[in-house]
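Okay, here's what each chain looks like letter by letter:
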Amino acid sequence: MLGSVARELFENHSVTTPATAELRKTALNSTHRRLGAKMVNFGGWDMPVEYSGILAEHQAVRTRAGLFDVSHMGEIEIRGPEALELVQFVTCNDAANLVIGQAQYSGLMTPKGTFVDDLLVHKISDAHYLLCVNASNQEKDFDHIVRYNRFGADVENAGPRYSQLAIQGPGAKALLQQFTKVPLDSLHYYHFAFGRVNGVDCLIARTGYTGEDGFEIYFSSEHSEKMWDYLLDAGQAIGMLPCGLGARNTLRLEAAMCLYGHEIDDSTTPWEAGLAWICKPDKGDFLGRDKLIAQRQRGIDRKLIGFEMLERLIARDGYVVSHDGQEVGRVTSGGPAPFLKKNIGMAYVPAKLAVVGSRIEIIVRGQASPARIVELPFYKRPKPN
Amino acid sequence: MYPADFRYTKEHEWIKVDGDSGTVGITDYAQHELGDVVFVELPKVGTKLNAGQSLGTVESVKAVSEIYCPVSGEITAVNSALAEAPEKLNQDPHGAAWLVKLKLANKSDAQSLMDAAAYESYIAAKDKEASA
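Here is what the cut-offs are and how they apply
Residues numbered from 1 in each chain as written. Chains lettered and ligands numbered in written order. Predicted model: local features only at pLDDT ≥ 70, side-chain atom pairs only at ≥ 80, totals over all residues. Helix = DSSP H or I, 4+ residues; strand = E, 2+ residues; numbered from the N terminus. Rg over C-alpha atoms; globule rule 2.2 N^0.38 Å. Buried ≥ 20, exposed ≤ 12 C-beta atoms within 10 Å, placed from the backbone. Contact = placed C-beta atoms within 7 Å. Nonpolar A, V, L, I, M, F, W, Y, C, P; charged D, E, K, R; others polar. Core = buried A, V, L, I, M, F, W, Y, C linked by C-beta atoms within 7 Å. Arc of directions from axis to C-beta. Axes fitted to C-alpha atoms, helices over the stretch in contact; angles between N-to-C directions. Parallel < 35°, antiparallel > 145°, perpendicular 65-115°, else oblique. Left-handed = near helix turned anticlockwise from the far one by under 90°. Pairing = 2+ DSSP bridges. pLDDT = per-residue confidence, 0-100.

**Thoughts on the overall build of chain A**
Scanning chain A for helices and strands turns up eight helices and 19 strands. Relative to the globule expectation of 21 Å for 385 residues, the C-alpha radius of gyration of chain A, 20 Å, shows essentially globular dimensions. Counting only C-alpha atoms, chain A reaches 60 × 50 × 50 Å along its principal axes. The buried share of chain A, reckoned over its 385 residues, is 50%. The contacts of chain A with a sequence gap of at least 6 include a subset with a gap of at least 24, amounting to 67%.

Encoded structure:
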């Protein structure tokens, strides 16, 4: 029965890893194994999928806090007086709007206006940007940026130097504050600061991939075990759990955040993916700009929607979406929403069908199961006090 | 851990034979690999299945798995409690969370499946493979 499990949902569709290839490991690999984590091959990385269980970990992040090792994520640093020009040319959001200490969600674009990757752009100074990119895309992204670096900026694939931990959930701020003098209350969402956490120099960003308040800290990888252990020990008092990629995926799905290889890839544009808010053709020239302007004028043929299953069946990645008996699209991500206690998913459907409230069907093991198109995100955290 | 009076398949189902009937479930190893079970779909009473045919589906948060019938027979009962409480499969896979009962086509079919000792070495080898 378990033939399908290993290769199930944690496969990253954007890469194929030969079975014989050595898996890459974060600095915390042995720590995860010591904690009894179940490990999986995630896009060529040997990563924890769960420790105590996805449901418990998901609930911990929604109600208390969770600690994630996301050191597999890639970091690309761009330096020099031409840094902004290069960032502007390869990404679709407007990095010129950033102030020092601010981060921005953006897309790394192909000349067709589709996604090479999605990423966070951090402005460290006028001449220094740090890009956080997907683990299994980091070499591809680096090569892509270098290829279009006609500006002479310095581009470094800095991933191996960094570890990254995510502390997420309503209890994250108070927990992290115990370890740093950086006033976290005044660090706004999508802003970052440099400071020490537990004596280690860090970039502390108020960002995340869970739909909760929280932080992502970047630091030199030799401090990983100490940092992880201190945070986890201190977190016990508030019921923080170590969390794996399983909960990371269910949390981001409830928050309707895109995952590369699922909602976005090199065949989808920001308009189609509901990411118009990160696509700024008015900022000036960038890769794919003309195609994106043309598509916006012509109108999109398909659109990313969110749906809820109306019966008990669970939609999964890749399942067929049908309407009036006709196949109209595919589920990009689907599964249980542990906090909402529903079965949800996202899918591309023809733009004319993308109407909140209307019915579609998801084909589950040969049977059409009804679903309703709903507003995104599925889950929105309560407003902070 | 693995009851001595069960027989086991390579796909991690178990069967307990009692005369001409058998009770079928998934193993503790299977529930652990799946993680939190959230949905169980079972056949109707009266369904006739050959060994290796799909018996139903178990879904965890992260994965869908088909269950295969360990031996040929006719379904005489299904564990309907699992529809409302699928998490029982994580808690008691060898006991309260049995899946179906079968009237066996041949009483001796289960003899060809692994006994507990053979199954334990089979999963030990799998674990070794996974951590290598």
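There is more to say, and it comes next.
**As for the interface of chain B and chain A**
Every contact between the two is made by 21 residues of chain B and, on the other side, 19 residues of chain A. If you list the elements that add at least two residues to the side of chain B that touches chain A, you get helix H1 (28-34), strand S4 (37-41), strand S6 (54-60) and strand S7 (64-68) of chain B. A total of five residues in the side of chain B that touches chain A trace back to one element, the largest contributor, which is S7(B). Broken down by class, the residue content of the side of chain B that touches chain A amounts to 10 nonpolar, four polar and seven charged.

**A look at the nonpolar core**
If you look at the biggest cluster of nonpolar residues, it comprises 141 residues, and the most contacted ones within it are Val87(A), Val90(A), Leu131(A), Leu165(A), Ile167(A) and Ile217(A). A per-element tally of this core places helix H3 (residues 83-90) of chain A first, with six residues.

**Some points on helix H4 (residues 138-147) of chain A**
Residues and elements named next belong to chain A. All of the buried residues along H4 are Gln138, Asp141 and Ile145. Seen from one end, H4 has its buried residues packed into an arc of 65°, which puts them on one side. Of the surrounding elements, those touching the buried residues of H4 are strand S4 (74-79), H3, strand S5 (102-109), strand S6 (115-125), strand S7 (128-133) and strand S8 (154-157).

**Some remarks on the environment of Gln177(A)**
Residues and elements named next belong to chain A. Inspection of the secondary structure puts glutamine 177 in helix H5 (residues 172-177). The exposure class assigned to glutamine 177 is partly exposed, which follows from the 15 C-beta atoms found within 10 Å. With 21 residues separating them along the chain, glutamine 177 and asparagine 198 place their C-alpha atoms 10.0 Å apart.

**Notes on the packing of helix H2 (residues 54-63) of chain A against helix H7 (residues 245-254) of chain A**
Residues and elements named next belong to chain A. The contact between H2 and H7 brings their axes to 9 Å, and the two run at 55°. Here H7 runs oblique to H2, going by the angle between their axes. Classified by chirality, the crossing of H7 by H2 is right-handed. Each of Ile54, Glu57, His58 and Val61 in H2 lies in contact with H7, whose residues at this interface are Gly246, Ala247, Thr250 and Leu251. Residues belonging to the contact of H2 with H7 are distributed by class as follows: four nonpolar, three polar and one charged.

**Things to note about the sheet that holds S6(B)**
Residues and elements named next belong to chain B. Judged by pairing direction, the sheet is antiparallel, and its three strands sit side by side in the order S4-S6-S7 without closing on themselves. Because the sheet does not close on itself, it has two edges, and the strands there are S4 and S7. Taking each pair of neighbouring strands and ignoring which way they run, the sheet shows an average axis angle of 25°. The sheet contact formed by S4 and S6 spans four bridges and is antiparallel. Paired with glutamate 41 across the strands is threonine 57, a residue of S6.

**Regarding the pairing of strand S12 (residues 214-220) of chain A**
All names here are of chain A. In terms of burial, S12 is largely enclosed, as six of its seven residues are buried. As paired strands, strand S11 (residues 200-205) and S12 are joined by four bridges and run antiparallel to one another. In the strand pairing of S12, isoleucine 204 is matched with isoleucine 217.

**A few points about the confidence of the model for chain B**
The predicted model of chain B has a mean per-residue pLDDT of 95, with 98% of residues at 70 or higher. The complex prediction reports pTM at 0.94, with the ipTM value standing at 0.92.

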